Amino acid sequence: MNISTGYSKQRGAALVVSLMMLVIMTLIIVSGARSSALEILLADNAQNAQQALMRAEDSVLQGEQRVELNFPGAPSADFTVSTTDGLYVVGELVLDTVDWAAIPAESVGAGDTLREFIIEYLGPAPAVGGSLSVGAGAASDLRYLYRISGRGAFNRGSARVVQTILATAE
């Protein structure tokens, strides 16, 4: 007696189905690996940008400290001459297009601790506001305004520029 189990009629259909399942699973795994690699690059770039921003903010802080130490009242340096020390008159630079490697800038530190900043003297301005105490905030009080631009750079060309306006009193 010859009993047929039906396996002979399949003729490799299970093999073809299992190979197709294997190809589909491989494609899913490869696409997941590519997606993970892209996410790692995006996170790395975000971290580089954050580091550059932190360095730019620190550069501005260094510039503010320089102004407060060296120019507590009216500026003692001549900001009107073409300079090589990072001190500029307003309008002398257009920071949107400036090449930081080509202009003289103040710098503090070296290597990873290098901080670059530019100090622009904006001129005197009358003090406004003041307190309610007698004699405070008189029109004769002057403030000397400075714009400090700090640049921070990090890996893979990440760079940020931060600006602040600082006023010093007489």
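Everything numeric in this text was worked out from a predicted model, so none of it was measured.

The rules we used
- Residues numbered from 1 in each chain as written.
- Predicted model: local features only at pLDDT ≥ 70, side-chain atom pairs only at ≥ 80, totals over all residues.
- Heavy atoms only, no water.
- Helix = DSSP H or I, 4+ residues; strand = E, 2+ residues; numbered from the N terminus.
- Buried < 20%, exposed > 50% of the residue type's maximum accessible area, 1.4 Å probe, protein only.
- Contact = heavy atoms within 4.5 Å.
- Areas by Shrake-Rupley, 256 points an atom, 1.4 Å probe, with all protein chains shown as cover.
- Core = buried A, V, L, I, M, F, W, Y, C linked by side-chain atoms within 4.5 Å.
- Pairing = 2+ DSSP bridges.
- pLDDT = per-residue confidence, 0-100.
- Expected span 1.5 Å × (residues − 1).
- Salt bridge = Lys/Arg side-chain N within 4 Å of Asp/Glu carboxyl O.
- Polar contact = N/O pair within 3.5 Å; in protein donor to acceptor, adjacent residues only side chain to side chain.
- Patch = residues over 30% accessible without salt bridge, like charges linked within 9 Å, V, L, I, M, F, W, Y side chains within 5 Å.
- Phe/Tyr/Trp six-rings, centres within 6.5 Å; stacked < 30°, edge-to-face > 60°.

> Kindly report on the overall build of the chain, identifying the contributing residues and their values.
When helices and strands are counted, the chain shows one helix and five strands. Its helices and strands taken in sequence order, the chain reads α-β-β-β-β-β from the N to the C terminus. Out of the 170 residues belonging to the chain, those deemed buried represent 25%. Taking contacts inside the chain between residues at least 6 apart in sequence as the whole, the part at least 24 apart equals 60%. When the accessible surface of the chain is split by element, carbon and sulfur atoms take 60% of a total near 11,300 Å².

> Which residues make up the nonpolar core, and what values go with them?
Among the nonpolar cores identified, the biggest contains 13 residues, and V67, F71, I119, Y146 and I148 are the most heavily contacted of them. The residues contacting V67, other than those within four sequence positions of it, are P72, I119, Y146, I148, L166 and T168.

> An account of the pairing of strand β5 (residues 159–169) is requested, with residue identities and associated values reported.
Here is the key point about a regular strand: its side chains alternate between the two faces of the sheet. Here eleven bridges tie strand β4 (residues 142–153) to β5, and the two strands are oriented antiparallel to one another. By the bridge assignment for β5, A153 is matched with A159. Two successive antiparallel strands, β4 and β5, enclose a turn made up of five residues, where R156 displays a positive phi of approximately 55°.

> Which residues make up the confidence of the model for the chain, and what values do they have?
Here the chain shows a mean pLDDT of 78. Residues at 70 or above account for 71%. Mean pLDDT per element in the chain: strand β2 (residues 106–108) is the minimum at 69, and helix α1 (residues 13–70) is the maximum at 90.

> An account of α1 is requested, with residue identities and associated values reported.
Residues three or four positions apart in an α-helix share a direction because the helix packs 3.6 residues into each turn. Taking 1.5 Å per residue, 58 residues should reach 86 Å; α1 reaches 86 Å between its end C-alpha atoms and fits that length. Buried within α1 we find N48, A49, A52, R55, A56, S59, V60, G63, E64 and V67. Among the structural elements, β3 (115–126), β4 and β5 are those in contact with the buried residues of α1.

> Could you give an account of the pattern of salt bridges, with specific residues and numbers?
Summed over the entire model, instances satisfying the criterion amount to three salt bridges. Between D44 and R156 there is a salt bridge whose closest N-O contact spans 3.0 Å. On the criterion of sequence distance, the pair formed by D44 in helix α1 and R156 in the loop between β4 and β5 is long-range, its members being 112 residues apart. The class for R156 is exposed, based on a relative accessible area of 59%. A salt bridge links R147 to E120; its shortest N-O distance comes to 2.8 Å.

> Can you tell me about the side chain of S149, naming the residues and giving the values?
By the secondary structure assignment, S149 is in strand β4. For S149, a relative accessible area of 0% translates into the label buried. Among the polar contacts made by the side chain of S149, one reaches the side chain of Q163 at a distance of 3.0 Å.

> Let's hear about the pairing of β4: which residues, and what values?
Summarising the sheet, β3 and β4 pair through ten bridges and their orientation is antiparallel. In the strand pairing of β4, I119 is matched with I148.

> Help me get a handle on a nonpolar patch on the surface, residues and values and all.
Residues L15, L19 and L22 make up a contiguous nonpolar surface patch of about 300 Å² in total accessible area. As for its placement among the helices and strands, L15 is situated in helix α1. The class of L15 is exposed, set by a relative accessible area of 54%.

> I'd like a description of the packing of aromatic side chains, backed by residues and values.
Under the counting rule described, the total for this entry stands at one aromatic pair. Measuring from centroid to centroid gives 5.4 Å for Y121 and Y146, while their planes differ by 50°, and the two rings are tilted. Placement of the pair is Y121 in strand β3 and Y146 in strand β4, with a sequence separation of 25 residues.

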